Amino acid sequence: MQIATAAWMRCCSLGNAGNAIKLGRSGPRRRRLMMLMWIILSGSLCLMVDGQMKIPPETVQQWAVSFGKEIAALSNRYSGAKLLQKKYTDVEGVVKMEEVNGEELVKKFAEEMEEMLGRKMKSVKKLAEAAEDADLGHEYNETLEFDYFNSLLINTVDEEGNPIPLGGEFLLEKNEHFNKLPVNTQQSNIQVPTNVYNRDPDILNGVYMSEALNDIFIDNFQKDPTLTWQYFGSATGFFRLYPGIQWIPDENGVVTFDCRNRNWYIQAATSPKDVIIVVDVSGSMKGLRLTIAKHTINTILDTLGENDFVNIIAYSDYVRYVEPCFKGMLVQADLDNREHFKLLVDELQVKGEGKVKKAMKESFKVLNEAAALGQGSLCNQVIMLITDGAMEDFKDVFEEFNFPERRVRVFTYLIGREMTFAENVKWIACNNKGYYTHVSTLADVQENVMEYLHVLSRPMVINHDHDIIWTEAYMDSVLFNTQAQSLLLMTSVAMPVFSKKEETLSHGILLGVVGTDVALRELMKLAPRYKLGIHGYAFLITNNGYILSHPELRPLYKEGKKLKPKPNYNSVDLSEVEWEDTEQKLRTAMVKGETGTMSLDVRSSVDKGRRVIFLKNDYFYTVINETPFSLGIVLSRGYGEYIFTGNVSLDEGLHDLITPDLTLANEWTYCEIDIDPSHRKLTQLQAVIKYLTGKEKDLRCDRQLLQQTLFDAVVTAPMEAYWTALMLNTSSMDDGVETAFLGTRSGLQRFLRYTGVEKRVGKSFLTSTDKENMFTLDHFPVWYRRAAEYPVGQFLYYMPRQDTRAGRIVISSTAVTVTVGKKTAIAGAVGVQMTLEVLESKFRTIAAQPNDTDCSSIEGVCPLRCDSFDIECYVIDNNGFVLISKRRSDAGRFFGETDGSVMTTLIQMGMFKRVSLFDYQAMCKTNPHSVSSARPLLSSFYALASTFKWFLSNVLLFLLEFNFCSFWHSEHFADAYVPKKKWNILQPCDTEYPSFIYEPSVKETNSIIKCGRCQKVSS
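By convention here, each chain's residues receive numbers from 1 onward along its written sequence. The predicted nature of this model means local features are confined to residues of pLDDT at least 70 and side-chain atom pairs, given and counted, to a pLDDT of 80 or more, with totals for whole chains, interfaces and linings taken over all residues. Excluded from the side-chain calculations are hydrogens and water; all other atoms, namely the structure's heavy atoms, are used.

**Side note on the overall build of the protein chain**
Okay, step 1: A count of helices and strands for the protein chain gives 25 helices and 41 strands.
Okay, step 2: Throughout this description, buried means an accessible area under 20% of the type-specific maximum (1.4 Å probe, protein chains only), exposed means over 50%, and partly exposed covers the range between. Burial status across the protein chain gives 57% buried among its 1019 residues.
Okay, step 3: Here a residue-residue contact requires only that any non-hydrogen atoms of the pair lie within 4.5 Å. In the protein chain, 71% of the contacts between residues at least 6 apart in sequence involve partners at least 24 apart.
Okay, step 4: Here the accessible surface of atoms and residues is derived via Shrake-Rupley with a 1.4 Å probe, and residues count as covered only by protein chains that are part of the display. On the protein chain, roughly 43300 Å² of surface is accessible, and the fraction owed to carbon and sulfur atoms is 50%. We count a stretch as a helix when DSSP gives it H or I for four or more residues in a row; a strand needs E for two or more, and each element gets its number in order from the N terminus.

**Looking at the sheet that holds strand E30 (residues 737–744)**
Okay, step 1: Here, any two strands with at least 2 DSSP bridges between them count as paired. Taken in spatial order, the six strands line up as E29-E31-E30-E34-E33-E32 in an open sheet, and their pairing is antiparallel. A strand with exactly one partner marks an edge of an open sheet, and here the two such strands are strand E29 (662–664) and strand E32 (796–798). For this sheet, the mean angle separating the axes of adjacent strands, direction not counted, is 20 degrees.
Okay, step 2: Pairing between E29 and strand E31 (residues 748–753): three bridges, direction antiparallel. In the sheet register, Thr663 faces E31, and the bridge partner there is Gln749. Note on definitions: angles span 0 to 180 degrees between N-to-C directions of axes, and those axes are lines fitted to C-alpha atoms, for helices only across the stretch in contact.

**Digging into the side chain of Lys566**
Okay, step 1: By the element assignment, Lys566 lies in the loop between strand E24 (562–565) and helix H14 (574–577).
Okay, step 2: Despite its burial, Lys566 remains without a salt bridge, the nearest opposite charge being carried by Asp919 at 6.0 Å. Here the positive residues are Lys and Arg and the negative ones are Asp and Glu; neither His nor the chain ends is included. A carboxyl oxygen of Asp or Glu within 4 Å of a side-chain nitrogen of Lys or Arg is what we treat as a salt bridge.

**What to know about the side chain of Ser188**
Okay, step 1: Note on placement: Ser188 falls in the loop between strand E6 (181–183) and strand E7 (189–191).
Okay, step 2: At 2.6 Å, the side chain of Ser188 forms a polar contact with the side chain of Asn214.
Okay, step 3: Polar contacts, as counted here, are pairs of nitrogen or oxygen atoms within 3.5 Å of one another; within protein the pair requires one atom able to donate a hydrogen and one able to accept it, and residues that are adjacent in sequence qualify only if both atoms are side-chain atoms. Among the polar contacts listed, one links the side chain of Ser188 to the side chain of Arg240, at a separation of 2.9 Å.
Okay, step 4: Beyond its immediate sequence surroundings of up to four residues, Ser188 is in contact with Phe170, Asn214, Phe217, Arg240, Leu241, Tyr242 and Gly244.

**Considering the sheet that holds strand E27 (residues 629–636)**
Okay, step 1: On the basis of which strands lie adjacent, the open sheet formed by five strands has the order E22-E21-E27-E26-E25 and antiparallel pairing. The sheet is open, and its two edges are formed by strand E22 (547–549) and strand E25 (596–606), each paired on a single side. Looking at each pair of strands side by side, their axes are set apart by 35 degrees on average, direction ignored.
Okay, step 2: Relative to E22, strand E21 (residues 537–542) is paired through two bridges, and the arrangement is antiparallel. Its bridge partner lying in E22, Leu540 is registered against Ser549.

**Focus: the nonpolar core**
Okay, step 1: Put simply, a nonpolar core is a bunch of buried Ala, Val, Leu, Ile, Met, Phe, Trp, Tyr and Cys residues held in one set by side-chain atoms that sit within 4.5 Å of each other. If you look at the biggest cluster of nonpolar residues, it comprises 103 residues, and the most contacted ones within it are Tyr148, Phe539, Leu540, Tyr619 and Leu631.
Okay, step 2: With near-sequence residues (within four places) excluded, Tyr619 lies in contact with Tyr537, Phe539, Glu578, Leu586, Gly596, Thr597, Met598, Leu600, Val602, Ile633 and Val634.
Okay, step 3: With 90 residues, the next largest nonpolar core counts Tyr670, Cys671, Ile673 and Leu864 among its residues.

**Some remarks on the packing of aromatic side chains**
Okay, step 1: Working definition: rings of Phe, Tyr and Trp (its six-membered ring) pair if their centres are within 6.5 Å, and the pair is stacked with planes under 30 degrees apart, edge-to-face with planes over 60 apart, and tilted otherwise. What the rule picks out here adds up to 41 aromatic pairs.
Okay, step 2: Here Tyr78 and Tyr754 contribute two aromatic rings whose centre-to-centre distance is 5.7 Å and whose plane-to-plane angle is 75 degrees, an arrangement assigned as edge-to-face. With Tyr78 in helix H1 (residues 57–79) and Tyr754 in the loop between E31 and helix H20 (782–787), this residue pair connects regions lying 676 residues apart in the sequence.
Okay, step 3: The buried category is assigned to Tyr754, whose relative accessible area is 10%.
Okay, step 4: With 5.8 Å between their ring centres and 70 degrees between their planes, Phe881 and Phe894 make a pair best called edge-to-face. With Phe881 in the loop between strand E35 (872–877) and strand E36 (882–885) and Phe894 in the loop between E36 and helix H22 (895–898), the pair connects residues that are 13 residues apart, well separated along the chain.
Okay, step 5: For a Lys NZ or an Arg CZ to count as sitting over a ring, it must be within 6 Å of the ring centre and within 35 degrees of the ring normal. The ring of Phe403 is capped by Arg406, whose NZ or CZ atom sits 4.2 Å from the centre of that ring.
Okay, step 6: The ring of Phe881 carries Arg610 above its face, with NZ or CZ at 4.1 Å from the centroid.

**Some points on the environment of Ser316**
Okay, step 1: Mapping Ser316 onto the fold places it in the loop between strand E11 (309–315) and strand E12 (319–321).
Okay, step 2: The spatial distance from the C-alpha of Ser316 to the C-alpha of Gly354 is 4.1 Å, given a sequence separation of 38 residues.
Okay, step 3: Leaving out residues up to four positions away in the same chain, Ser316 has contacts with Val281, Ser282, Lys351, Glu353, Gly354 and Lys355.

**Regarding the state of the cysteines**
Okay, step 1: Cysteine sulfur pairs qualify as disulfides if the two atoms are within 2.5 Å. Summed over the entire model, instances satisfying the criterion amount to three disulfides.
Okay, step 2: Across a sulfur-sulfur distance of 2.0 Å, Cys671 and Cys701 are joined as a disulfide pair. Linking Cys671 and Cys701, the disulfide has an S-S dihedral of approximately 105 degrees and is accordingly described as right-handed. Taken together, the residues Cys671 in the loop between E29 and helix H17 (684–692) and Cys701 in the loop between H17 and helix H18 (703–716) connect sequence positions 30 residues apart.
Okay, step 3: The disulfide bridge from Cys866 ends at Cys873, spanning 1.6 Å between sulfur atoms. Residues Cys866 and Cys873 are joined by a disulfide whose S-S torsion is about -100 degrees; by sign, that bridge is left-handed. Summarising the burial analysis for this pair, Cys866 and Cys873 share the class buried.

**What about the pairing of strand E10 (residues 273–280)?**
A regular strand places its side chains so that they alternate between the two faces of the sheet.
Okay, step 1: Where burial is concerned, most of E10 is hidden: eight out of the eight residues are buried.
Okay, step 2: Where burial is concerned, the two faces of E10 agree: the one with Lys273, Val275, Ile277 and Val279 and the one with Asp274, Ile276, Val278 and Asp280 are both buried.
Okay, step 3: Here E10 runs beside strand E14 (residues 380–387); their pairing, made up of seven bridges, is parallel. Its bridge partner lying in E14, Val279 is registered against Ile386.
Okay, step 4: In terms of handedness, the path from E10 via helix H7 (residues 288–302) over to E11 forms a crossover that is right-handed. When the strands point away from the viewer and the path from the first strand over the helix to the second turns clockwise, the crossover is right-handed.

**Notes on unusual backbone geometry**
Okay, step 1: Cis rather than trans, the peptide bond between Tyr242 and Pro243 has omega equal to -5 degrees.
Okay, step 2: Within the fold, Pro243 resides in the loop between strand E9 (239–242) and helix H6 (263–269).
Okay, step 3: Cis geometry is adopted by the peptide bond preceding Pro404, which originates at Phe403 and carries an omega value of 0 degrees.
Okay, step 4: With respect to the helices and strands, Pro404 occurs in the loop between helix H10 (395–401) and strand E15 (408–415).

**Looking at the pattern of salt bridges**
Close approach of charged atoms lets side chains of opposite charge pair.
Okay, step 1: The tally for this structure, following the rule as stated, stands at 44 salt bridges.
Okay, step 2: Taking the shortest distance from any N to any O, the salt bridge between Lys616 and Asp601 comes out at 3.6 Å. Pair noted here: Lys616 is in strand E26 (residues 611–623) and Asp601 is in strand E25, with a separation of 15 residues, a long-range link.
Okay, step 3: Residue Asp601 is classed as exposed on the basis of its relative accessible area of 53%.
Okay, step 4: Among the salt bridges present, the one from Arg610 reaches Asp607, with a minimum N-O distance of 3.4 Å.

**Observations regarding the environment of Asp396**
Okay, step 1: Structurally, Asp396 is set in helix H10.
Okay, step 2: Taking relative accessible area as the criterion, Asp396 reaches 36% and is therefore assigned partly exposed.
Okay, step 3: Linking Asp396 and Lys357, residues 39 residues apart in sequence, is a C-alpha distance of 9.6 Å.

**Concerning the packing of H18 against helix H19 (residues 718–728)**
Okay, step 1: Between H18 and H19, the least distance of the axes is 5 Å, while the angle of their chain directions is 35 degrees. Between H18 and H19, the residues in contact are Val714, Val715 and Thr716 and Pro718, Met719 and Glu720, respectively.
Okay, step 2: Under the scheme applied, nonpolar residues are Ala, Val, Leu, Ile, Met, Phe, Trp, Tyr, Cys and Pro; charged residues are Asp, Glu, Lys and Arg; polar residues are all the others, including Gly. Counted by class, the contact of H18 with H19 contains four nonpolar, one polar and one charged residues.

**Considerations on the packing of H1 against H19**
Okay, step 1: At a minimum axis separation of 8 Å, H1 and H19 run at an interaxial angle of 115 degrees. Contacts between H1 and H19 involve Asn76, Arg77, Tyr78 and Ser79 on the former and, on the latter, Met719, Tyr722, Trp723 and Leu726.
Okay, step 2: When the residues that make up the contact of H1 with H19 are grouped by side-chain class, the tally is five nonpolar, two polar and one charged.

**Here's the deal with the confidence of the model for the protein chain**
Okay, step 1: One number per residue, pLDDT, summarises how confident the predictor is, and it ranges from 0 to 100. Summarising the model, the protein chain shows a mean pLDDT of 82, and 83% of its residues fall at 70 or more.
Okay, step 2: Note that residues 478–487 has pLDDT below 50 and, in this model, 23 contacts with residues that lie over four places away or in other chains.

Here it is in structure tokens:
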């Protein structure tokens, strides 16, 4: 049992002889003693000495042993742990134990994912072919009149109750498959941005032509019910979405969504590119011109993705990079770098005379060097010139760097209403295979910037390069502005649509982009938790090393009461989560699309970073063919190496499965309930029962998981009767013991509430909101994972985190195993949830000498009692958090905050070990007074704030300091950045924080450790 108990008395000197001792706050206080005892291994006491006062170490040791035995007996009795272990031991002769083969497993998972993603690509190809055929058969009509369902206007009426134009009745029903949004699965509808006229001839012709996609949408969905949103984004700006929805405008009644700005559209419409943005910041660019120029730059940045590379050069009297650390290089246009550039662009100021010639030469040098070194996108190269005029055409520069191949395209944006030197600006673009636009107002920016995408897409259109693209992970919080929105990480597969008309082939006309979304959650269901073990998991990354899915990916942060996506949620690198891979061997191999395996010793945190466990992990990885993704799985050595199976009859299994105390992990896939609409409202347990009873024979179910589930149901069935018998014997029940529970490797849970809901303190424990203590798609329960790392039969005690518990409760749990020969596997975990008062009551009873104790031969305090005024007693868990204290507010706090000197001594004695953990996804507030360029190293976990307060005052914390420029790689390409932002806004940061763990190798000793006026006696 991993609990430590501490008690102490603090002493202060008495007043002069003869003075009365007062107990009030203002008077001298009575003598107080301090002592600390360890239940299992040692008893140690801390005594502040005045005169000859002493506390016998053997007394503390006796308390520790007695308390340990008492609560172990309590946990064993109410959890039924010994009975459950016996039941699994009894079946060891009939189970089959197998070693998990990671190489075969990752290959199988990857093949299944390839098949699933292949179905999505096939659906998109059908849409692209249908759209091109529809356009080929459509003759453009300038005067076309055509009514369509506008998603913003449907189901709305005018003042007289009549449907408004482009509105009309559009049937909507809530659909479980589409995040419970009201949708129409028989019809798509059209969204048009507010700044686009919804009856423009181009819009009407495009909408009319694309009506042919409706049948394809429906057919795709019928053949592949796992499909989600399908769509066609037109080059003219409209967006056809299936199934049809009601579009919700923002608070200003505006729909800013433009499909042409979306990552899937831009990536499909163009090839990867290197972009140098050259902006004029001379004196003539002041006022509105500079505002328009900044908006133009930001809009260009929004069209870039992680496969593109970018830099920004500003020029006036001299040439300068907006980010000096990026001088002479291209940086990956991921979200972090784009946002960083936007902040720097916002700070641009104008002065001096514009010397564009030097800026153009610098831009060509950067692009040429990248091409020569085989760096950057290795595809298109572009210079974007943003200026209010050019006094010459700089032909000599282009002859030196770009003619005659014209390998670098130059796009020019003339800013402002005046057309001064417009001809020169136009000549630069037209003679360098680019495009010239005049941007006179802020409203012009969006449409004019988008023109460059059409130019870059022409070679693809002419050659009919139907490249399928996959996007980075994203949360589409813009697309569905509704309370029903589900913030699921997605990826999209998209494909360009070209005009096949003979008269337009030479012009290379892009009609738009078709695509569909893939919820990564659904993809990861193909790597089921039960096959990976307690600490095992699967993860996906892109060919850029960014995480698509990982159980440690935390894309949201809390701002007040709202959850919001982090600024860099979709550009978290694998090395920032698997940070133990210091040489990045795993990342490098997976980015290259290799297949292989490696092992790492890792420190894994549980309970939101408060506790650490040490694991030996084996990594297996391979590429998912026909995609830019790689899959990895992790298997932990020890109990995670084996899996066992056993057989029971269907009737026996069903009998024990249909009991009120049993639940199954509803996020696991026992049966596919998302294929048939009639199954979508079933829970996994309901689906399993319907399948096994033959009521739903068409359900697709995981037979291996069902076999394990039925076996576990039979073996654990006696627990219900055991718990019920205890509950019915009310006279022998301990008050405060609230819930007995167990969980097995198959995601099966049983629990019984000993206490009614009206009296229960832990009301949320094991409810649907208590994700930490339930089986989820990402993890096993905390009590299960922690129990698995301790000896079988040994109970672990802890208080749940402050922000996740309803009341002061304690959870105790222990593991249950199955052993065949020399192979052992975890079968499950069992435990009991009780109120903190249960432990406090037991401890107060034990930690007290009777009043009639013979004190004649004892020096110091006698009789010794923890509930006396003079003594403060503490029970702390194996991570240093207080379980029991006389001050109730101490419970759940880190012991070092309560008494830092004692905790420091325990670390020095070796009783606790400090472990450094790192979080590269934290959100920190910057210091408003700091002018240092050091990278912030703060904790993102508010629960650890007290730990830091103590730790920083007692132990040296080495801060990681980076100079911004020296932080970047010496190569010419950087792929990450921590942006400077306003100090009062949370921003991404890297953190190091300490965790502490009880060191069981410490042997029992007797010693006195001096620390000022305090003596710490260890026994």
